[in-house]
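Coordinate analysis (summary)
Each chain, written out:
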There are 2 protein chains.
Amino acid sequence: MAKELKDLTKRSVDYSRWYNELVVKAELAEQSDVRGCMVIKPYGYAIWERIQQSMDARFKDVGVQNVYFPLLIPKSFLSKEAEHVEGFAKECAVVTHYRLKTNAEKTGVVVDPEAKLDEELIIRPTSETMFWNTYRKWIHSWRDLPVICNQWCNVMRWEMRTRLFLRTSEFLWQEGHTAHATREEADQRARQMLDVYADCVENVMAVPVVRGMKSATERFAGAVQTYTIEAMMQDGKALQNGTSHFLGQNFAKAFGVQYVDKDNQLQYPWATSFGVSTRMMGALIMTHSDDNGLVLPPHLAPIQVVIVPIYKNNEELQKLDERLEAIASTLRGKGIRVKYDNADNKRPGFKFADYELKGVPVRLVMGGRDLQNGTIELMRRDTLEKETLQVEGIEEYVEKLLEEIQQHMFHKASKFRDERIFPCDNYDDFKKRVKDGGFFLCPWDGTEETEAKIKEETQATIRCIPFNVDQTNPGIDMVSGKPAKHKVIIARAY
Amino acid sequence: MAKELKDLTKRSVDYSRWYNELVVKAELAEQSDVRGCMVIKPYGYAIWERIQQSMDARFKDVGVQNVYFPLLIPKSFLSKEAEHVEGFAKECAVVTHYRLKTNAEKTGVVVDPEAKLDEELIIRPTSETMFWNTYRKWIHSWRDLPVICNQWCNVMRWEMRTRLFLRTSEFLWQEGHTAHATREEADQRARQMLDVYADCVENVMAVPVVRGMKSATERFAGAVQTYTIEAMMQDGKALQNGTSHFLGQNFAKAFGVQYVDKDNQLQYPWATSFGVSTRMMGALIMTHSDDNGLVLPPHLAPIQVVIVPIYKNNEELQKLDERLEAIASTLRGKGIRVKYDNADNKRPGFKFADYELKGVPVRLVMGGRDLQNGTIELMRRDTLEKETLQVEGIEEYVEKLLEEIQQHMFHKASKFRDERIFPCDNYDDFKKRVKDGGFFLCPWDGTEETEAKIKEETQATIRCIPFNVDQTNPGIDMVSGKPAKHKVIIARAY
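Residues numbered from 1 in each chain as written. Chains lettered and ligands numbered in written order. Predicted model: local features only at pLDDT ≥ 70, side-chain atom pairs only at ≥ 80, totals over all residues. Heavy atoms only, no water.

1. Description of the environment of G349 of chain B
Position of G349 of chain B among the secondary structure elements: in helix α11 (residues 348-357). The exposure class assigned to G349 of chain B is partly exposed, which follows from its relative accessible area of 37%. (Helix = DSSP H or I, 4+ residues; strand = E, 2+ residues; numbered from the N terminus. Buried < 20%, exposed > 50% of the residue type's maximum accessible area, 1.4 Å probe, protein only.)

Here it is in structure tokens:
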């Protein structure tokens, strides 16, 4: 067995360490020498690229147009929306100079004091301010609405404690920014984009999510309403996969964006924003993977099928090459991503462990005996089940199996999650059990006091007011004893 | 005629102003409120996205793997390669703080003096240093080579004079960074990537290019050899569309990257880097467009065919809708990007001018008379030729025509360019004619002195030592009178 694999900490021993090790060992990403900033490696980026493309295709289907706005934002912009600046001021990177020069002694590089900026610029932590400052020039009449723009870009939030993919100072994301003539249309768009996210996360990443609304405390800085999709990791903790925000007229007013409506009246447009990021990679890894390494859903796997020959000598290898390259070619013809690995500088055992670590969904192995018997060994990564099959028709079998694995992974994760959603209206009971993970469905009186007390005493937070739960009779708040306003999902979270 | 179009300055009046106006009027991009940084608008971004995807597909065909490296680079990295820091130090944005806070009087936002960074960071102007600092961790053995990575990202070079797409402080690009076991393999990769660029620029953008090598003066900072593709704009000036660099062992040595070869000896790997940027949008616009607006090659056009009905009343519109939507649907079935524009808030004349301005390759127009006669009017944007055709079979005709337009645009640009490549070995003659544009193919003695004199006296630069020109008998340098080492292309450039 490969050394890398033997070293992987088991989930039962230390889930957090397992995650950190897996991201590095599977060559997804690593820390760079810049504090809190990661390097996304080829294998990790190939997965991200597929997530990104799946999302982008769905965005285009619902009329989203891609654009690119500047990385740097004048700091005065940030302060125009009062809540927004409070939310982001403490984690912004600030650019104060624009020039370096080598100093006289050539000992290094020093800043030229004359090249100080008149107004300091921040590296975007999010771009509501930049978009709305520009929308002032774009939106004049009701004919200019709606504006539905999105950008795929990097953003920067200076985090003190970082973890690869889950929390990094720089990350990749998309940020959508829309403007609408009516409150209803804007709110509808925010909800629609949440559905687009959920569709992609569930059907491409095979990660089941709960859709809901954030409490006021957990809202995006400057939002009237924040919608969220929350997934459950294997340790029972929640991970927020994406959010969309109904921003009301806050940014329109802050940046003086007004349009003339059909009745010739000046109006402020209504706004939304929405985003998903490389954080989703963390959800993908922690939902499916196991003690042997990554488990990737076929829709995202850079390699969907790996084929390995086992041979005693060159003559046998030649025969296997001929047979297996034909299978690889047929599979590729079906649009399946195949790697045929007959490299002779690694033992089969090493290859097996390595492709398990990398989460390749299907492994096909053929030896000399198989060649004679017309058989082939197949292993599926999600269940680790092996079977020996007739090589005749293997391509059709694999094609079907990939789709079955995709479905199975989603259902397995859904079952795991559903078994850990606990209705609970007793606070003592909650306090005892919440540390073991799970989503607790509890009545909440809607006050910040109760929410703060729960967080302080249990480190758990209100993840969302779920859409799919009957809210007609929420019951009695388990902390305050007052009538509840909502049933909410409470959990510890990443 | 639409106001926007009437206002467009003619190329013959002021080519530079024509370009600036066209970029804005065709809604490709605009200046942002951050000095030198642009906003790429939906229409412009849709074109860039197609260029980007065409390049990326070609990269993958030649084994390039995408990655993502940090935006910020410790300033000490930059100074490790002596020539590199000289090339970039004066145009770097410097991050010195990482926190803002609202001040006591709430008058705005001020920097918290305690949040000053220990080591200042620069926003990447290019990432050789970051990649090679990381490659030290990736490359240990000959088995780890080659490394062939690329990232699509934003970079920042603080420019004093900026122009949309052509020269902006922030721009989008890709930067490839490779490491190889031998000098030959690295140099071969740099040349291969230049061919990949040329293939995409010529066949997708329909922009003909000259491939060649830069003079030492014009090399990338830190490169041993720089290869370039140079295109000729309609004013006869050159525009560098992309470059690839053979970097020797400079960065490997600067960052202490060594590997053990097959003979168990420590060796420094050989490097390349290569990049193309949103600057290519400038080349696209200036190669093809005319006084009516953009002319887009069909392979890149976000809308390839626009269909406009002309009607007297609703009854007629309904009949036209039925016929034209069927045509649109058939065209879409062929993978053609079609817009059917029956919006009634704009006059046909306005629509025609607008789609001309936006460079839509084919326009189909049908009126009530056409409907009766079974005819349709077609205009191709590249030649502005109109013809009335039988509507029967129009879809097949359009499909073929799009490919014909693509070819025609390339051949037209090639002819224009070829007619303006002037062999020249008389410096007085050169000085008289160079200001009128064109590529001058001249014998050069290979000295910096001659090169500097030409630049000072004529503002023209050596664009490249072209690959496709016989270099066996370069002749006599037209400035120094000494024996020439190369025939070079000299031109004024963007």
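2. Describing the pattern of salt bridges
All told, the structure shown has 60 salt bridges over all chains when counted by the stated rule. We note a salt bridge from E120 of chain A to K75 of chain A, for which the minimum N-O separation is 3.5 Å. With E120 of chain A in strand β8 (residues 116-123) and K75 of chain A in helix α4 (residues 75-78), this residue pair connects regions lying 45 residues apart in the sequence. As far as the burial class goes, E120 of chain A and K75 of chain A line up, both buried. D382 of chain B is paired through a salt bridge with R380 of chain B; the nearest N and O atoms lie 2.7 Å apart. With respect to burial, D382 of chain B and R380 of chain B carry one shared label: buried. (Salt bridge = Lys/Arg side-chain N within 4 Å of Asp/Glu carboxyl O.)

3. A short note on the nonpolar core
Grouped together as the largest cluster of nonpolar side chains are 261 residues, with contacts concentrated most on I123 and F430 of chain A together with I123 and F430 of chain B. Of all the elements, helix α7 (residues 183-203) of chain A adds the most residues to this core, at 9 residues. Excluding residues that lie within four positions of it along the chain, I123 of chain B makes contacts with L71, L72, V95 and I123 of chain A together with L71, L72, A93, V95 and M156 of chain B. (Core = buried A, V, L, I, M, F, W, Y, C linked by side-chain atoms within 4.5 Å. Contact = heavy atoms within 4.5 Å.)

4. Observations concerning the side chain of T278 of chain B
All names here are of chain B. By the element assignment, T278 lies in the loop between β16 (270-277) and α9 (279-288). Among the residues examined, T278 registers a relative accessible area of 0% and is labelled buried. With near-sequence residues (within four places) excluded, T278 lies in contact with M38, I40, W48, F165, F171 and L172.

5. Focus: the interface of chain A and chain B
Contact residues are listed per partner, giving 68 residues for chain A and 70 residues for chain B. By the criterion of area lost to chain B, the three top residues of chain A are Y68, Y98 and L100 of chain A, representing 13% of everything that side buries. Counting across the chain A and chain B interface gives 4 salt bridges. For K137 of chain B, the salt bridge is made with D33 of chain A, and the minimal N-O distance between the two is 3.3 Å. In this assembly, chain A and chain B are joined by 28 residue pairs in polar contact (both at pLDDT 80 or more). In terms of residues, the side of chain A that touches chain B owes the most to one element, helix α6 (residues 128-138) of chain A, which gives 6 residues. (Buried area = accessible area lost by both parts, 1.4 Å probe. Polar contact = N/O pair within 3.5 Å; in protein donor to acceptor, adjacent residues only side chain to side chain.)

6. A short note on the packing of helix α3 (residues 42-61) of chain A against α7 of chain A
When two helices pack together, their arrangement is given by the angle between their axes and by how far apart the axes lie. All names here are of chain A. The N-to-C vectors of α3 and α7 enclose an angle of 140°; their axes lie 10 Å apart at closest approach. With respect to α7, the axis of α3 lies oblique. Here the hand of the crossing between α3 and α7 comes out right-handed. Contacts between α3 and α7 involve I51, S54, M55, R58 and F59 from the first element and M193, V196, Y197, D199, C200, V201 and N203 from the second. Looking at the contact of α3 with α7 residue by residue, the class counts come to 8 nonpolar, 2 polar and 2 charged. (Axes fitted to C-alpha atoms, helices over the stretch in contact; angles between N-to-C directions. Parallel < 35°, antiparallel > 145°, perpendicular 65-115°, else oblique. Left-handed = near helix turned anticlockwise from the far one by under 90°. Nonpolar A, V, L, I, M, F, W, Y, C, P; charged D, E, K, R; others polar.)

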